[in-house]
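Here is what each chain is made of, one letter per residue.
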Amino acid sequence: MKINQTLTFDQLAEGIDQLSEIIKIKAKALNANYDSKKGSPVFTVDGKYTTRGWTEWTQGFQYGISILGFELTGDEELLRIGKEKTLNEMAHHLSHFGVHDHGFNNISTYGNLLRLSNQGKFEASDWEKEFYRLALKMSASVQAKRWTSIPEGGYLYSFNGPHSLFIDTIRTARILLLGHQLGHRMLEENDQQVDLLNRAVQHAMISAKYLVYYGEGRDSYDERGRVSHEGIFNTNDGNYRCPNAQQGFSGFTTWTRGLAWAMVGFTEFIEFIDAHKLAVKDYVTVRSSLMKAAQATCDFYIENSAANGITYWDTGAPKLFLLSDWRNRDAEPYNDFEPVDSSASAIGAQGMLRLGRLLLADDPQLSKKYTQAGLTTLKTLLTNEYTSTDVNHQGLLLHTIYHEPNGWDYKPQEGKAAAGESSMWGDYHLVELAVLAKSISNNGYYRYFDDIK
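So, a few notes on the structure that sits alongside this text. Remember, predicted model here, so these are calculated numbers, not experimental data.

1. What to know about unusual backbone geometry
Piece 1. We note that histidine 399 has phi near 70 degrees; this positive angle belongs to a residue other than glycine.
Piece 2. Mapped onto the elements of the fold, histidine 399 is located in the loop between helix 13 (364–381) and helix 14 (424–441).
Piece 3. A positive phi angle, close to 65 degrees, is found at aspartate 451, a residue other than glycine.
Piece 4. Mapping aspartate 451 onto the fold places it in the segment after helix 14.
Piece 5. Judged by relative accessible area, aspartate 451 falls into the partly exposed class, the value being 31%.

The following block contains the structure:
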């Protein structure tokens, strides 16, 4: 990435305002025209949202876009959509025992609604707020139950089963943190009480140790900041066995959306434990480990994205070398070889902005590096090349990728890379990135756990 050292949040305010107007139009149109009976919208095919059965992890993003759109614009219609759809469509996500995605679905909806109501952005009765609280508590318990114990602690296992640790889950694990903040008591067999904060911290520490690389000679591909999508454990003895990938090219290359989940997941974890340091066992050690992971992954992103801050779908994609010198040129969505994944960029940019904030007091120079890298990426995402202004295209963020190895993503032309399409997670995280940037521009800050009480 060629970091723009002079960009400011104020300079991007106009672009965020323009995006906000597009959000209003598209969120309302999708709500009016998409048939939820078909399943959750996942990604677009030729500009139209469609579903793709794998796991139910995107519906909360759909309604969360309306809720965050209300936060950006004050549009009451968006709030009405978000509230009604959360009430009528999201209950089964609270009791979904088969996925590791509770933090995606339920913080995006119930969490945002509770936060905004407590901040006075809209009026809610005590019972309405209690409804949101109860939903978050139940979601935290269901997510926390997906637990594999190992000698070093444990982790929240993925939908692949108890042997499988996904890097994605570092961000969904924040539902446990909200459960802790709300004072929830999770009880297992024989009324054994589970410490949700401790369980979440153990998961974060295991993820930082086994899914992030630090250039310390762990294996032949141990490049600092590289991330493996999945870690495989032997559930008989709890030993780590090997890296793996579900959506990346291999366990020895870096699927960039997984990298981005790590960037934002670790930084948000640090923000939370900083606010709850008295409750965190071995706080100094934990924070140091998570900061090491956050910096390594953000540095890897900066070093392995295109000049304009956009990343390709996997840094080891087999045909990437055919895009000669791709790190020093702007990303090319419409190419013949490998797709970009702008959703990874929208997620990762938020991680870089948060890391810049975390380092502001201790290392202003390093803080500026990450802040400017995040702004560089955001500036690109706000251009017409990446933000869709076409009212006939139902998505917001163009050039996102779901599952390149499975060939699920739509290709506008045979023989070329998949391009031109949107996804629910890409759209949501572009909107969330705009909320964060606008808040900072207004001398504030946005954290998912603020005013959750």
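Let us keep going from here.
2. Focus on the pattern of salt bridges
Piece 1. Taken as a whole and assessed by the stated rule, the structure comprises 23 salt bridges.
Piece 2. Linking arginine 80 and glutamate 77 is a salt bridge whose minimum nitrogen-to-oxygen distance equals 2.6 Å. Taken as a pair, arginine 80 and glutamate 77 lie in helix 3 (residues 76–89) at a separation of three residues, close to a single helical turn.
Piece 3. Given the relative accessible area of 33%, arginine 80 is considered partly exposed.
Piece 4. A salt bridge links glutamate 268 to arginine 171; its shortest N-O distance comes to 2.9 Å. Of the two residues, glutamate 268 sits in helix 10 (residues 256–275) while arginine 171 sits in helix 7 (residues 169–172), which places them 97 residues apart along the sequence.
Piece 5. According to the relative accessible area criterion, glutamate 268 is buried, its value standing at 2%.
Piece 6. Sharing partners across several salt bridges, the network here consists of Arg171, Arg174, Glu268, Glu271, Arg354 and Glu432.

3. A word on the pairing of strand 8 (residues 230–233)
Along any regular strand, the residues point their side chains to alternate faces of the sheet.
Piece 1. Neither face of strand 8 is open: one carries Glu230 and Ile232, the other Gly231 and Phe233, and all of them are buried.
Piece 2. Sheet analysis places strand 5 (residues 164–166) next to strand 8, joined by three bridges and oriented antiparallel. Following the sheet pairing, phenylalanine 166 is matched in strand 8 by glutamate 230.
Piece 3. Pairing between strand 8 and strand 9 (residues 240–244): four bridges, direction antiparallel. Bridge assignment links isoleucine 232 to a residue of strand 9, and that residue is cysteine 242.
Piece 4. The hairpin turn running from strand 8 into strand 9, its antiparallel successor, is six residues long, and glycine 238 in that turn takes a positive phi close to 80 degrees.

The rules behind each value
- Residues numbered from 1 in each chain as written.
- Predicted model: local features only at pLDDT ≥ 70, side-chain atom pairs only at ≥ 80, totals over all residues.
- Heavy atoms only, no water.
- Helix = DSSP H or I, 4+ residues; strand = E, 2+ residues; numbered from the N terminus.
- Buried < 20%, exposed > 50% of the residue type's maximum accessible area, 1.4 Å probe, protein only.
- Salt bridge = Lys/Arg side-chain N within 4 Å of Asp/Glu carboxyl O.
- Pairing = 2+ DSSP bridges.

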